[in-house]
Amino acid sequence: MHPLILRFAAPKTLLVTGAAATLAIASASTAYAADLDTSATVSTSLSAPSIVSVGDNSFTISITATGNLPSARSGTATVTTKYFMAADGTITASTNTADLQTLHFSPGTNYSSDCTQPSPALGCSTNPFVVTADLVVAAGTPGGSTGTLTVAGTGSQGLTADTSPAVGYVKVADSNHAPTAPGAPTLDASSTTPNNTGAFTIAWAAATDPDVGDVVTYALQKRDADDTNWTDVATGLTANSYSFTGEAEGSWRYQVQATDNHGATSAFAIDGTPVVVVDETAPNSPTASTDSAPAYTDGTGNNWYKDSVTVLFAAAGDANLTDGSAGSGVASVTPSESFSSTGVFHAQGHATDHAGNSSAEASLDGYVDATAPTVEANCPTNVVLNDSTATASWTASDVGSGLATASSGSVPLDTSTVGDHTVAVPAGTAADNVGHLSGAAQCSYHVGYAFGGFLQPINDTAHFVGQTTSVFKAGSTIPVKFQLFDANGTPVQAAVAPSWLTPAKGSALASTVTVDESTYLATASSGSVFKWDATSQQYIYNYKTDKSQSGNYWRIGVALDDGSTIFVSVALK
């Protein structure tokens, strides 16, 4: 039942007119007439009618009598307690006798015209009968429909009814409509997903309410991947957005519902997929590998790469979030890095997920050998004798992976001819452990004769100990002789005849120096080369001195085709 408050500025009175009924009263023979007053508290203003709703509405009817009734008999009043409002606004009283209520005004028992006796004097002007009545508004009656409610009563046995019934006005309340569903929650354009801060804004399209003046608020709920039920984020939101400052890790979905100020709610608007992924967990460290297998692994487990190596980093996955959903995924890894310098290398890289979390560093160490071994050739620094067996030594070294071959050795020297020579240590003589070969190396050496010294009659003080300088007579011919030998002591003839060197004047002789060598009258040699004497296996040059050379030391010498020059001093007196 819906209470209907019926108000009048002044009650309408149902005055019963007509002849008064004659009632039999035991104590008096005079007939009395009493007036029946009926009023209902409904609105008397058409501009502000009482509001009713579809269905049952209750209101009250007050019934009073004025005047005296015969004391012998009670007066009765009948009032209709049920009314019907049709869809077109017409209001009619029920004709069902069950909806009629009869009231008894008993003089001397419960009624007196002056409300003084007996108590409580029901039905008098200050203590009326109050009857509850119903107004039933038909289903389908449009909101805003108005109707006129007429309440009348009838009297009998000494009560006369008023001919002016109580009239009031009612209006069917407009129906309240629920607001439309808001738009599905989405991530605000100013926010990003995935993120690792939990700070973002959710927004949705506003709901609309067809009822003018209604106020709409929103309830926002959430759940992550391992939640079965939705939980409230906030209710009573007046804005169609909500900002989070520290949402927990997870893949979050949201739903929003609109509610008007009458409590009517819309359906929930639900996102289709997780709106926001909050990822605070770093991805797995990447794997590190090389673009080629090592060429060599040394005894301590160090891997060596020939010439260069590139270290590659590959994603190794992203850990699940705390709600069991997948992480945001690896967005990038450290680019590959190449190394081409001999020595140790250290490559370090990490992975970054789409939320900006960085993994722990992954690293790979190794060694690059980009340098071939070197070989150094070492030739004898002394003159190597003609036809001797001689070698040049070599040593190898490597600054990288180390030598896979011997670190030293020798190569034979060619001593078959005199003069300056070069010997080569072949390329590839040494190899390192990654496969580099050494380049060629070379050194120079000199092959010469074994000079047997100047022969008599010249004392060779330069080559023989204990001899004194020969003193010859100035103007005589001096036989200058010598032999050349190979390493085996065999006299040899030079490929190019030795050259006679112009004598050089030395210091003056002491006056006491005397000639101590024989005087030779041999024919002087012509030209400037020594002559080979095949019989004696020696060279000879007859040096014709001049008397003008007397009194000095003279240096004489020979130039050999092995590049050497040999001198001896003689004195002329």
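Check the entry above for the structure.
Conventions used here
- Residues numbered from 1 in each chain as written.
- Predicted model: local features only at pLDDT ≥ 70, side-chain atom pairs only at ≥ 80, totals over all residues.
- Heavy atoms only, no water.
- Salt bridge = Lys/Arg side-chain N within 4 Å of Asp/Glu carboxyl O.
- Helix = DSSP H or I, 4+ residues; strand = E, 2+ residues; numbered from the N terminus.
- Buried < 20%, exposed > 50% of the residue type's maximum accessible area, 1.4 Å probe, protein only.
- Polar contact = N/O pair within 3.5 Å; in protein donor to acceptor, adjacent residues only side chain to side chain.
- Contact = heavy atoms within 4.5 Å.
- Pairing = 2+ DSSP bridges.
- Axes fitted to C-alpha atoms, helices over the stretch in contact; angles between N-to-C directions.
- Phe/Tyr/Trp six-rings, centres within 6.5 Å; stacked < 30°, edge-to-face > 60°.
- Lys NZ or Arg CZ within 6 Å of the ring centre and 35° of its normal.
- Disulfide = S-S within 2.5 Å.

Trainee: I'd love a proper account of the pattern of salt bridges, names of residues and values included.
Mentor: Summed over all chains, the structure comprises two salt bridges. Where Arg-253 meets Asp-271, a salt bridge forms, and the shortest distance between an N and an O atom there is 2.9 Å. A residue pair is termed long-range when its members are at least 10 positions apart, and Arg-253 in strand β19 (residues 250–260) and Asp-271 in the loop between β20 (269–270) and β21 (276–278) qualify at 18 residues. For Asp-271, a relative accessible area of 3% translates into the label buried.

Trainee: Lay out the side chain of Lys-222 in plain terms, naming residues and giving numbers.
Mentor: On the secondary structure map, Lys-222 appears in strand β16 (residues 216–223). There is a polar contact of 3.0 Å between the side chain of Lys-222 and the side chain of Glu-247. If sequence neighbours within four positions are ignored, Lys-222 has contacts with Asn-229, Trp-230, Thr-231, Val-233, Glu-247, Trp-252, Arg-253 and Tyr-254.

Trainee: Help me get a handle on unusual backbone geometry, residues and values and all.
Mentor: The amide bond that connects Thr-193 to the next residue, Pro-194, takes the cis arrangement and shows omega of 0 degrees. Here the residue pair Gln-456 and Pro-457 is connected by a cis peptide bond, since its omega of 20 degrees sits within 30 degrees of zero. As for its placement among the helices and strands, Pro-457 is situated in the loop between β37 (450–455) and β38 (471–472). With a phi angle near 70 degrees, Asp-307 is a residue other than glycine that sits in the positive phi range. Along the chain, Asp-307 turns up in the loop between β24 (303–306) and β25 (309–314). Relative accessible area serves as the criterion here: at 35%, Asp-307 is assigned to the partly exposed category. Look at Gln-537: it is not a glycine, yet its phi comes out positive at around 55 degrees.

Trainee: Pulling in residues and values, what's your account of the sheet that holds strand β34 (residues 408–412)?
Mentor: The antiparallel open sheet is built from three strands, whose spatial order is β31-β33-β34. A single partner strand is all that each edge strand has here, and the edge strands are β31 (374–378) and β34. Each strand axis lies, on average, 25 degrees off the axis of its neighbour in the sheet, ignoring direction. In the sheet, strand β33 (residues 391–397) pairs with β34 via five bridges, with the strands oriented antiparallel. Within β34, the position partnered with Thr-391 by the bridge is Pro-412.

Trainee: Provide a residue-level description of the packing of aromatic side chains, including the pertinent values.
Mentor: What the rule picks out here adds up to 19 aromatic pairs. Judged by centre distance (4.4 Å) and plane angle (10 degrees), the rings of Trp-500 and Tyr-541 are stacked. Taken as a pair, Trp-500 in strand β40 (residues 499–508) and Tyr-541 in strand β42 (residues 538–544) lie far apart in primary sequence, 41 residues in all. For the pair Trp-500 and Tyr-541, one class covers both residues: buried. Positioned above the aromatic ring of Phe-567 is the side chain of Arg-555, whose terminal nitrogen or guanidinium carbon lies 3.9 Å from the ring centre.

Trainee: Can you break down the state of the cysteines residue by residue, with the values?
Mentor: Counted according to the given criterion, the structure contains one disulfide. Shown here is the disulfide that connects Cys-379 with Cys-443, its sulfur atoms set 1.8 Å apart. The sign of the S-S torsion, about 70 degrees, decides the handedness of the disulfide formed by Cys-379 and Cys-443: right-handed. Here Cys-443 lies in strand β36 (residues 441–448) and Cys-379 lies in the loop between β31 and β32 (384–385), a separation of 64 residues in the sequence. Of the two residues examined, Cys-379 and Cys-443, each falls in the buried class.

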